[in-house]
Amino acid sequence: MRIPTLLSSLLLAASVHAAPADTPDDMGRFLNDKGLLSQIDQVRQNVTNKASDLVVNALGFLGAPYRMGGNSVETGFDCSGFVKAMYEQTVGLILPRKAEQQAAATQLIDRAELQPGDLVFFNTLRRAFSHVGIYIGDGKFIHSPKPGAQVRVENMGVSYWSHRFDGARRVAPAPTLTNATTTEPGLR
């Protein structure tokens, strides 16, 4: 069992097995005795910090030029190149290159579950998942929109984006994603 799956299971078990205040909480006591409660809190804090770091890093690229096929500040970014670069630089995960591949490699979530750092996808070219951005909170996302434009923040509630919304995805380390910190040199 992978560690993230184990931790998710433990979090779920702890919340599902909550007992009335006057009844001993066997699951809570077990988790505490094994030192897992503090580990779960550390993982939760680490995920929150990584998402915050990702959003702050992405906002640091506001104004970077759009360039089809671009994936660096030096060359400019297209939408998926921007997302790929932000995740690699900040989180250490290497996402696939194209928006539709990024959608396929990430976990589907409901729009109501969006958290900063999640990916938002749009149908801007009459095909599913043709555009991607990074959700930053408060109904807004950051992306590299189109030729002649620059990396900017948009409101998902605006009619253009609302009508083209294709779904939300969460990036979680999985076999389809590579951790940049564990990749051997020359294999990226």
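Residues numbered from 1 in each chain as written. Predicted model: local features only at pLDDT ≥ 70, side-chain atom pairs only at ≥ 80, totals over all residues. Heavy atoms only, no water.

**A closer look at the nonpolar core**
- Core analysis: the biggest nonpolar cluster contains 24 residues, and Phe77, Phe82, Met86, Leu119 and Ile134 have the highest contact counts within it.
- For this core, the secondary structure elements donating two or more residues are helix H3 (36-59), helix H4 (79-90), helix H5 (99-104), strand E5 (119-122) and strand E6 (131-137).
- Not counting residues within four places of it along the chain, the set of residues in contact with Leu119 comprises Val83, Tyr87, Leu95, Thr106, Leu114, Val132, Gly133, Ile134, Gly167, Ala168, Arg169 and Val171. (Core = buried A, V, L, I, M, F, W, Y, C linked by side-chain atoms within 4.5 Å. Buried < 20%, exposed > 50% of the residue type's maximum accessible area, 1.4 Å probe, protein only. Helix = DSSP H or I, 4+ residues; strand = E, 2+ residues; numbered from the N terminus. Contact = heavy atoms within 4.5 Å.)

**Concerning the confidence of the model for the protein**
- Model confidence for the protein is summarised by a mean pLDDT of 80, while 68% of its residues fall at 70 or above.
- Segment residues 1-23 is flagged for pLDDT under 50; beyond a separation of four residues in sequence, or across chains, it makes 17 contacts in the model.
- Per-residue pLDDT stays below 50 along residues 181-188; that stretch engages in seven contacts with residues further than four places along the chain or on separate chains. (pLDDT = per-residue confidence, 0-100.)

**So, the packing of aromatic side chains**
- In the structure shown here, the tally under the stated rule is eight aromatic pairs.
- Ring centres of Phe122 and Trp161 lie 4.9 Å apart, and the angle between their planes is 65°; this geometry places the pair in the edge-to-face category. Highlighted residues: Phe122 in strand E5 and Trp161 in helix H6 (residues 159-164), separated in sequence by 39 residues. We note that Phe122, like Trp161, is buried.
- Grouped by ring-pair contacts, the aromatic residues Phe122, Phe141, Tyr160, Trp161 and Phe165 constitute a single cluster. (Phe/Tyr/Trp six-rings, centres within 6.5 Å; stacked < 30°, edge-to-face > 60°.)

**With respect to the sheet that holds strand E4 (residues 107-109)**
- Taken together, six strands build an open sheet; the order of strands is E4-E9-E5-E6-E7-E8 and the sheet is antiparallel. The sheet is open, and its two borders are formed by E4 and strand E8 (152-155), each paired with just one other strand. This sheet shows a mean twist of 40° between the axes of neighbouring strands, independent of strand direction.
- Pairing of strand E7 (residues 140-143) with E8, which is carried by four bridges, proceeds in the antiparallel orientation. (Pairing = 2+ DSSP bridges. Axes fitted to C-alpha atoms, helices over the stretch in contact; angles between N-to-C directions.)

**Details of a nonpolar patch on the surface**
- On the surface, a cluster of nonpolar side chains totalling about 210 Å² of accessible area is made up of Leu59, Leu62 and Val153.
- On the secondary structure map, Leu62 appears in the loop between H3 and strand E1 (71-72). (Patch = residues over 30% accessible without salt bridge, like charges linked within 9 Å, V, L, I, M, F, W, Y side chains within 5 Å. Areas by Shrake-Rupley, 256 points an atom, 1.4 Å probe, with all protein chains shown as cover. Salt bridge = Lys/Arg side-chain N within 4 Å of Asp/Glu carboxyl O.)

**Quick notes on the pattern of salt bridges**
- Under the definition given, this model contains six salt bridges.
- In this structure, Arg97 and Asp78 form a salt bridge, with 3.1 Å as the shortest nitrogen-oxygen distance. Taken together, the residues span a long stretch of sequence, with Arg97 in the loop between strand E3 (93-94) and H5 and Asp78 in the loop between strand E2 (76-77) and H4 at a distance of 19 residues.
- According to the relative accessible area criterion, Asp78 is buried, its value standing at 7%.

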